[in-house]
Amino acid sequence: MTDVEARLAEIQRTLNRLGENVEQLSQTQKFRVAESNTAKGNVFSFGDDENEERGNWTGRLDFLLSCLGYAVGLGNVWRFPYLCYKNGGAVFFVPYVIMLAFVGMPVFMFELSIGQFTSSGALTCWKFAPLFKGVGVGMVIVSGMVGVYYNMIIGWSIWYLISSFINVKDLEWSDCDKKWNNPNCTGLMNKDAALMCNSSIKDEGFDNISRGPDGWCYVSRNLTFGNFRDTFHNVPIGIYDKDLHKALKTNHENHTKMELPTEQYLYNYMLKRNDFENGKLVTEYNMDNFGSVQWDLTLAYIAAWIIVFLSLCKGVKSSGKVVYFTALFPYVVLIILFVRGIILDGSKDGIDFYLINVDTSKLEDSVVWKDAAVQIFFSLSAAWGGLICLSSYNRFHNDCLRDTLIVSIGNCLTSFFAGFVIFSFIGFLARETEQEVEDVATSGIGLAFTVYTYAVTLMPVEGLWAVLFFLMLITLGLDSEFALVETVTTSIIDQWESSLRPKKSLVIFITCVVFFLLGLPMCCNAGGHMLQLVDTFAGGWNVMLIALCECLGIIYVYGGFRFCKDIKIMIGQSGCCGALPWECCKFWWLLNWAILTPIGVLFIMIFSWVKYERATWDSYVYPDWAQALGWLMTLAVVAGIVITPIFLAILAIREGKVSFEYFYVK
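Now for a look at the structure at hand.

About the criteria used
Residues numbered from 1 in each chain as written. Predicted model: local features only at pLDDT ≥ 70, side-chain atom pairs only at ≥ 80, totals over all residues. Heavy atoms only, no water. Helix = DSSP H or I, 4+ residues; strand = E, 2+ residues; numbered from the N terminus. Buried < 20%, exposed > 50% of the residue type's maximum accessible area, 1.4 Å probe, protein only. Expected span 1.5 Å × (residues − 1). Axes fitted to C-alpha atoms, helices over the stretch in contact; angles between N-to-C directions. Parallel < 35°, antiparallel > 145°, perpendicular 65-115°, else oblique. Left-handed = near helix turned anticlockwise from the far one by under 90°. Contact = heavy atoms within 4.5 Å. Nonpolar A, V, L, I, M, F, W, Y, C, P; charged D, E, K, R; others polar. Pairing = 2+ DSSP bridges. Core = buried A, V, L, I, M, F, W, Y, C linked by side-chain atoms within 4.5 Å. Disulfide = S-S within 2.5 Å.

## Considerations on the environment of Y96
Here is step 1 of the chain: Tracing the chain through its elements places Y96 in helix α4 (residues 93-118).
Here is step 2 of the chain: The buried category is assigned to Y96, whose relative accessible area is 0%.
Here is step 3 of the chain: Through-space distance from the C-alpha of Y96 to that of C412 is 8.5 Å; in sequence the pair is 316 residues apart.

## Looking at helix α21 (residues 527-538)
Here is step 1 of the chain: Between the first and last C-alpha of α21 there are 16 Å, a value that for 12 residues agrees with the 16 Å anticipated at 1.5 Å per step.
Here is step 2 of the chain: For α21, a buried count of 10 out of 12 residues is recorded, marking the element as mostly surrounded by other parts of the structure.
Here is step 3 of the chain: Listed as buried for α21 are G527, G528, H529, M530, L531, Q532, L533, V534, F537 and A538.

## Some details on the packing of helix α5 (residues 133-166) against helix α22 (residues 541-571)
Here is step 1 of the chain: Where α5 contacts α22, the two axes come as close as 10 Å, and the packing angle between them is 150°. Considering the angle they form, α5 stands roughly antiparallel to α22. The handedness of the crossing between α5 and α22 is left-handed. Along the contact surface, α5 presents V135, G138, M139 and V142, while α22 presents V543, I546, C549 and E550.
Here is step 2 of the chain: Taken together, the residues that form the contact of α5 with α22 break down as six nonpolar, one polar and one charged.

## Looking at the pairing of strand β3 (residues 228-239)
Here is step 1 of the chain: With nine bridges connecting them, strand β2 (residues 216-225) and β3 associate as antiparallel partners. Within β3, the position partnered with C217 by the bridge is G238.
Here is step 2 of the chain: Linking β2 back to β3 in an antiparallel pair, the connection comprises two residues, with G226 at a positive phi of about 70°.

## Description of the side chain of S174
Here is step 1 of the chain: Looking at the element boundaries, S174 is found in the loop between α5 and α6 (193-199).
Here is step 2 of the chain: Excluding residues within four positions of it along the chain, S174 makes contact with P261, T457 and E462.

## Considerations on helix α2 (residues 62-71)
Here is step 1 of the chain: Within α2, 10 of the 10 residues are buried, which leaves it mostly tucked inside the rest of the structure.
Here is step 2 of the chain: Three or more residues of α2 are buried, namely D62, F63, L64, L65, S66, C67, L68, G69, Y70 and A71.

## Examining the nonpolar core
Here is step 1 of the chain: By size, the foremost hydrophobic cluster in this structure holds 182 residues, and its most contacted members are F449 and W593.
Here is step 2 of the chain: Membership of the second largest hydrophobic core comes to 12 residues, among which are C185, L188, V235 and Y240.

## Focus: the state of the cysteines
Here is step 1 of the chain: A full pass over the atoms with the stated rule returns one disulfide.
Here is step 2 of the chain: The disulfide that involves C176 links it to C185, with 1.9 Å between the sulfurs. On the sign convention where negative is left-handed, the bridge of C176 and C185, at about -60° about the S-S bond, is left-handed.
Here is step 3 of the chain: Left unpaired, C549 is separated from the closest cysteine sulfur, that of C551, by 9.4 Å.

## Examining unusual backbone geometry
Here is step 1 of the chain: Despite not being glycine, S119 shows a phi value in the positive range, around 50°.
Here is step 2 of the chain: Within the element layout of this structure, S119 appears in the loop between α4 and α5.
Here is step 3 of the chain: We classify S119 as buried; its relative accessible area is 11%.
Here is step 4 of the chain: One non-glycine residue, S381, adopts positive backbone phi at about 55°.

Printed below as a string of structure tokens:
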């Protein structure tokens, strides 16, 4: 190296140090301004905004409740209880908590800190390492896809809410005599079926009583479905031999499956997945027979998008007020349902299945650990970009570590409590339908719109509780939907700030319209199949890849100790809720970010590939072309991560910015 080159290198190092000093002085000044503005506020609200262009949260609890509402969503109500049933009962809580500590909370803290320090969305927070901007692109794609189908579920809840108002005295899904019902409805069962089958005692209205080879008792009887009445043969009315029925189910042989009236209402009437006429199946819709757009579902979907737009049109100033209701109301309804559930006959069977009759051998199964990690990402909404977006509106001195602990632990406890609620009702339903608890427990839509909905019919003044329950589902979904849409719009506006910031409401409106059009196929007869496909592929291992890239970008490119120094500038020495100063507890977070979290995420990704199974919904297996469509959704996120840095590199070369530092750290 020549003397000139050595001198230039020394000048460059000096400039870098000066740049770091300027950055620290800037952040210190920002911190002082934050304290000054905060002092102007009161116990419930802050003073003036620190960032006048972007705006900040107004109330002191706005961010915390928005974050809690974003994390605590519909998945806590239906997905976690089902995974407990599938993976050994409450023993599933062990890997769940471990994955929360070593994977979920570190990523959560990671994203809150990035968003708060940079005051930028998922696309523009990567200025320190431009090549990692593709991670932000991947986040926006994930949030967009999830936002499209998530609002469809809110649309379903709006449908049920309107139906509850219209039929407040007699809910349509409480009986088995409607035009969409069939002879396999549980409301047609008879508690004396075993006695009648085993002793050949005839009951009024029943003819040709016989014992089936599957353990069920069958009869011929007159049934009414809507305005049609006829005699139906081989109608199942109960189980006369539980051991025989259980043996057939265990061996995966054909056996009769009874359906709750709420299940037949959901699939045969609301979604119109099946067309029943005079108690008999006429048409079954699926991905190969998609059907047509249902105008009533479409109107409910439009209503959901109107609510989202009106809540977000003024940014965090409007959504920050809505969350005070949407984040807290679900807990009120869950507590009421819990009190009602535990006094039902058979509720103890369900709770025992959930909490006491656990299978500890499941801890040796790697699938259980994979399910726990995936559920952590799903329930915390980590690596979707929403946490970065929400925290970007924080004031600079906000204690993001405190918020991480409160939200992540609160989310975990909510899932655990929801398990008590659902399994108390599942135990009751198992006894009512003469089935085992594991036969009643189902995943996904089945829990929210069949089991919970049937539970509402058991409440006094069922119409009133139906209204409250579906309001709960809507509020649970809206919190998450707000953050998903806000992630997309904030990222777009931050990217083209000068031209789009004054037109924020227009950007939100256009985004809502585009997302509505993308979700329109879910309003068809087979829309439920499409929703399930997007749910399976949109937020799978591709989200793990985003989390892995985040760890690599911050810890090994920007610098782990440098990142901890930035956090200290924001939160001071408050540390872990005042228990330990940040200088002590930062090593725990560094250990996770640098080693444990990347290893855990990498394990989940690899295991997801090795144990890959074709997408299904109930007994329906998606055709090859639908599987390929799902993989395209997954790979769209990967493409965003990979193609973006390649594009930026080509652009930089064309502009003559080819120095290594351009792609490394700014």
